[in-house]
Amino acid sequence: MALGGVTTGIYTYLNASRFLIGQAWLAGAQVMIALTLAWMFAGRWGSAGVALGLALGYLFVIVPAQAVIVPRILASQRMNG
């Protein structure tokens, strides 16, 4: 997540849109959920469970948030010219 905040196009767009506090909250939520899931799945599936927990944390927090936030930012930018 932290590296994504620097490298991917969508994070570059969010950085330019001054959504830094929101990104910090999303990162915190994603980390808490991902680590909890990784810990839960690690006992059953080992390192594959850790990878699954991290991926599910991203899928449950970051993907839905971006699906809502990015269109709203785009719409506000169109309205503000």
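Residue indices begin from 1 for each chain and proceed along its sequence in written order. In view of the model being predicted, local features appear only for residues whose pLDDT reaches at least 70, and side-chain atom pairs are presented and counted only at 80 or more, with totals across whole chains, interfaces and linings using the full set of residues. As a rule here, side-chain values cover all heavy atoms of the structure and leave hydrogens and water aside.

### Some thoughts on the nonpolar core
Just so we agree on the cut-off: Side-chain atoms within 4.5 Å link the members of a nonpolar core, which is a set of buried Ala, Val, Leu, Ile, Met, Phe, Trp, Tyr and Cys residues. Any residue under 20% of the maximum accessible area for its type is buried, any over 50% is exposed, and the rest in between are partly exposed; the area is computed with a 1.4 Å probe on protein chains only. Numbering of helices and strands runs from the N terminus, with a helix taken as a DSSP run of H or I at least four residues long and a strand as a DSSP run of E at least two residues long. Throughout, a residue-residue contact means that at least one pair of heavy atoms, one from each residue, lies within 4.5 Å.
Formed by Tyr11, Leu14, Leu26, Val61, Ile62, Ala65, Ile69, Val70 and Ile73, the largest nonpolar core amounts to 9 residues. Of all elements in the fold, only helix H2 (9-16) and helix H4 (47-80) reach the threshold of two or more residues within this core. Sort the elements by how many residues they give to this core and H4 lands first, with 6 residues. Residue contacts for leucine 26: discarding those within four places in its chain leaves Phe19, Val61, Ile62, Ala65 and Ile69.

### Focus on the packing of aromatic side chains
Going by this rule: A pair of Phe, Tyr and Trp rings is counted when the ring centres sit within 6.5 Å of each other, with Trp represented by its six-membered ring. The angle between the planes then sorts it: under 30 degrees is stacked, over 60 is edge-to-face, the rest tilted.
On inspection of all chains with the given rule, the structure shows 1 aromatic pair. Relative to tryptophan 45, the ring of phenylalanine 41 has its centre 5.5 Å away and its plane inclined at 50 degrees; by these criteria the two rings are tilted. One end of the pair, phenylalanine 41, and the other, tryptophan 45, are both in helix H3 (residues 20-45), 4 residues apart, so they sit about a helical turn from each other. Residue classification places phenylalanine 41 among the buried residues on the basis of a relative accessible area of 18%.

Honestly, that's just the spatial picture; any functional story needs more than this.
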